Amino acid sequence: MDRFDAMQAFARVVEAGSFTKAAETLHISKTTVTQLVQQLEARLRVRLFNRTTRRVNVTADGAAYYERVIKLLADMDDAETSLSVASALPRGRLRVDVPSPLARMVLIPALPSFHAQYPDIQLDMGVSDRIVDVIADNVDCVVRGGELTDLSLTARRVGDLQLAVYAAPSYLERAGNPTHPHDLENTHHRVVGYLWQRLGKAFPYAMHRGDEHVRVHGRYVLAVDDGNAYLAAGLAGMGVLWLPQYMAEPHVATGELTPLFPDWRLDPMPLTIAFPPNRHVSTKLRVFIDWVVALMGQYAPAAGAPATGVSAAGAPAAGAQAAPKATAKAATKAKAQAKAQAKAQAKAQAAPRSETQNRADPPT
């Protein structure tokens, strides 16, 4: 038995919750995964999983062993990295999932510069607005707009998308120019609906002007669940849109979209990178995260964000993942910053959620 392979298989079964999914992500057969785990159990003389026909649950002994295993695997990876050029030139496969408009308009056009700097990183990029199970789907990280609902994940806030309301000139010629957000309710005006996958329906948007606050549902004849389709429907004159500025500005410049309600505002949409809390953050993931942060600094910098490249290593909080450690002194400082940020996040999570945190956001 190769103990490294066995520990890796065991850890992946814990993370995926399934022998089948673990085998798929490791690119080996389910039989091989089962044999490796059984050999590990025989060596340790403990049961690591409780297995039924439908579910696989880690035992108490298995959970304790898992915490040690992931640290060992991380240390082995660090040891190999420190003795190779990988510390200077990260390499390997990186699986990410990003919203379709952000991929099309921002990330993919900028990828040539990323690969010029890191030619040995292979990106498998899922492009969709669907909800991804980061652990079960074996995704290294996801980029998502809106408040993070799965607080078990480690996250870093990478930007704040400024939002506004727009419509195509063809729509305004047909329906007239609304002068107040209430004009979109119970009238001849229409919006383009955006369906949120987890609930399958559209939500109201909260808008503010001085002391005036309204929540706009609007009526639609078309609702979609993809950001690119949402934008295309608005450009075709199917209704009013709520969009991040980076999506709207190119079309405003060409006259394809007209801004509405300029004296009203919407709260910014946070943009977050999230990844599994117990998985080792590799050098290739660190440099990808820092690249996204620097890139979004050009389009939608996070409010109060530190200077590009300044972050704390490995903290389970927004702004927590950083570039590789440089010196022992820097690492000690980073750990102290990480603890402080973790406490701040815990305090924030314990506070009641605000109205804006419960609202639905436009496509990212």
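Look a little higher up for the structure.
None of these values were measured; they are calculated from a predicted model. (Residues numbered from 1 in each chain as written. Predicted model: local features only at pLDDT ≥ 70, side-chain atom pairs only at ≥ 80, totals over all residues. Heavy atoms only, no water.)

Draft legend 1. Structural context of the overall build of the protein. Counting its regular elements, the protein contains 11 helices and 14 strands. Out of the 364 residues in the protein, the part that is buried amounts to 46%. Taking as baseline every contact in the protein between residues at least 6 positions apart, the subset at least 24 positions apart corresponds to 77%. With the model as given, the accessible surface of the protein reaches about 18,400 Å², and the carbon-plus-sulfur share is 53%. (Helix = DSSP H or I, 4+ residues; strand = E, 2+ residues; numbered from the N terminus. Buried < 20%, exposed > 50% of the residue type's maximum accessible area, 1.4 Å probe, protein only. Contact = heavy atoms within 4.5 Å. Areas by Shrake-Rupley, 256 points an atom, 1.4 Å probe, with all protein chains shown as cover.)

Draft legend 2. Up close: the sheet that holds strand S6 (residues 154-161). If you trace the 5 strands from one edge of the open sheet to the other, you get S4-S3-S5-S14-S6, paired in mixed fashion. On the outer flanks of this sheet lie strand S4 (121-127) and S6, each paired with one strand and no other. Averaged over all pairs of adjacent strands, the angle between strand axes in this sheet comes to 20°, irrespective of strand direction. Both strand S3 (residues 92-98) and S4 contribute to a ladder of 7 bridges, which runs parallel. Bridge assignment links Arg 95 to a residue of S4, and that residue is Asp 124. Sheet contacts for helix H5 (residues 100-117): S3, S4, strand S5 (141-145) and strand S14 (269-275); angle to S4, the most-contacted strand, approximately 170°. Across the sheet, helix H9 (residues 283-299) touches S3, S4, S5, S6 and S14, and the angle it forms with S6 is around 20°. (Pairing = 2+ DSSP bridges. Axes fitted to C-alpha atoms, helices over the stretch in contact; angles between N-to-C directions.)

Draft legend 3. How the structure looks around the side chain of Thr 272. Structurally, Thr 272 can be placed in strand S14. Residues in contact with Thr 272, not counting those within four places in the same chain, are Val 142, Val 143, Arg 144, Gly 146, Ala 155, Arg 156, Arg 157 and Val 158.

Draft legend 4. Layout of the packing of H5 against helix H8 (residues 245-253). Packing of H5 against H8 brings their axes to within 10 Å, and their N-to-C directions diverge by 60°. In this view, H5 runs oblique relative to H8, as classed from their interaxial angle. Note on packing geometry: the crossing formed by H5 with H8 is left-handed. Note on element contacts: H8 touches H5 through Tyr 246, Met 247 and Pro 250, opposite Pro 101, Leu 102, Met 105 and Val 106. (Parallel < 35°, antiparallel > 145°, perpendicular 65-115°, else oblique. Left-handed = near helix turned anticlockwise from the far one by under 90°.)

Draft legend 5. Looking closely at helix H3 (residues 30-44). Counted at 1.5 Å a residue, the expected span for H3 with its 15 residues is 21 Å, and the 21 Å between its end C-alpha atoms agrees. Just downstream of H3, Arg 45 is the residue with a positive phi angle, here 60°. (Expected span 1.5 Å × (residues − 1).)

Draft legend 6. Representation of the sheet that holds strand S13 (residues 258-260) within the structure. The 3 strands are arranged S12-S7-S13 in an open sheet whose pairing can be described as antiparallel. Whereas interior strands pair on both sides, the edge strands pair on one side only; in this sheet they are strand S12 (241-244) and S13. Averaged over all adjacent pairs, the angle separating strand axes in this sheet is 50°, with direction ignored. Sheet topology note: the strand S7 (residues 163-167)/S13 ladder contains 3 bridges and is antiparallel. When the bridges of S13 are listed, Tyr 166 appears paired with Pro 259. Contacts from H8 reach S7, S12 and S13, with the element oriented near 105° to S12.

Draft legend 7. How the structure looks around the pairing of S12. Because side chains alternate across S12, one face comprises the buried residues Leu 241 and Leu 243, and the other comprises Trp 242 and Pro 244, equally buried. Sheet topology note: the S7/S12 ladder contains 4 bridges and is antiparallel. Residue pairing for S12: Val 165 is matched across the bridge by Trp 242.

Draft legend 8. Layout of the side chain of Glu 15. With respect to the helices, strands and loops of the structure, Glu 15 is situated in helix H1 (residues 3-16). Glu 15 sits in the buried class, given a relative accessible area of 15%. Within the local environment of Glu 15, its side chain forms a polar contact with the side chain of Tyr 66, the two groups lying 3.0 Å apart. (Polar contact = N/O pair within 3.5 Å; in protein donor to acceptor, adjacent residues only side chain to side chain.)

Draft legend 9. View of H8. Among all positions of H8, only Tyr 246, Met 247, Ala 248 and His 251 are buried. Where the residues of H8 are buried, they touch H5, S6, S7, helix H7 (227-235), S12 and H9. One or two steps after H8, the chain reaches Gly 255, where phi turns positive at roughly 85°.

Draft legend 10. Summary view of the pattern of salt bridges. The tally for this structure, following the rule as stated, stands at 11 salt bridges. Between Glu 212 and Arg 209 there is a salt bridge, with its nearest N and O atoms 3.0 Å apart. For Glu 212, a relative accessible area of 30% translates into the label partly exposed. For Arg 209, a relative accessible area of 28% puts it in the partly exposed group. In this structure, Asp 263 engages Arg 209 in a salt bridge whose closest nitrogen and oxygen atoms are separated by 3.0 Å. On the criterion of sequence distance, the pair formed by Asp 263 in the loop between S13 and S14 and Arg 209 in strand S9 (residues 205-209) is long-range, its members being 54 residues apart. In this structure, a network of salt bridges that share partners links the residues Arg 209, Glu 212 and Asp 263. (Salt bridge = Lys/Arg side-chain N within 4 Å of Asp/Glu carboxyl O.)

Draft legend 11. Focus on the packing of aromatic side chains. For the structure on display, the rule yields 10 aromatic pairs. Here the aromatic rings of Phe 10 and Tyr 65 are separated by 5.3 Å at their centres, their planes lie at 45°, and the arrangement is tilted. Here the residue Phe 10 occupies a position in helix H1, and Tyr 65 occupies one in helix H4 (residues 60-82), the gap between them amounting to 55 residues. Residue Phe 10 is classed as buried on the basis of its relative accessible area of 0%. Judged by centre distance (6.4 Å) and plane angle (70°), the ring pair of Phe 10 and Tyr 66 falls under edge-to-face. (Phe/Tyr/Trp six-rings, centres within 6.5 Å; stacked < 30°, edge-to-face > 60°.)

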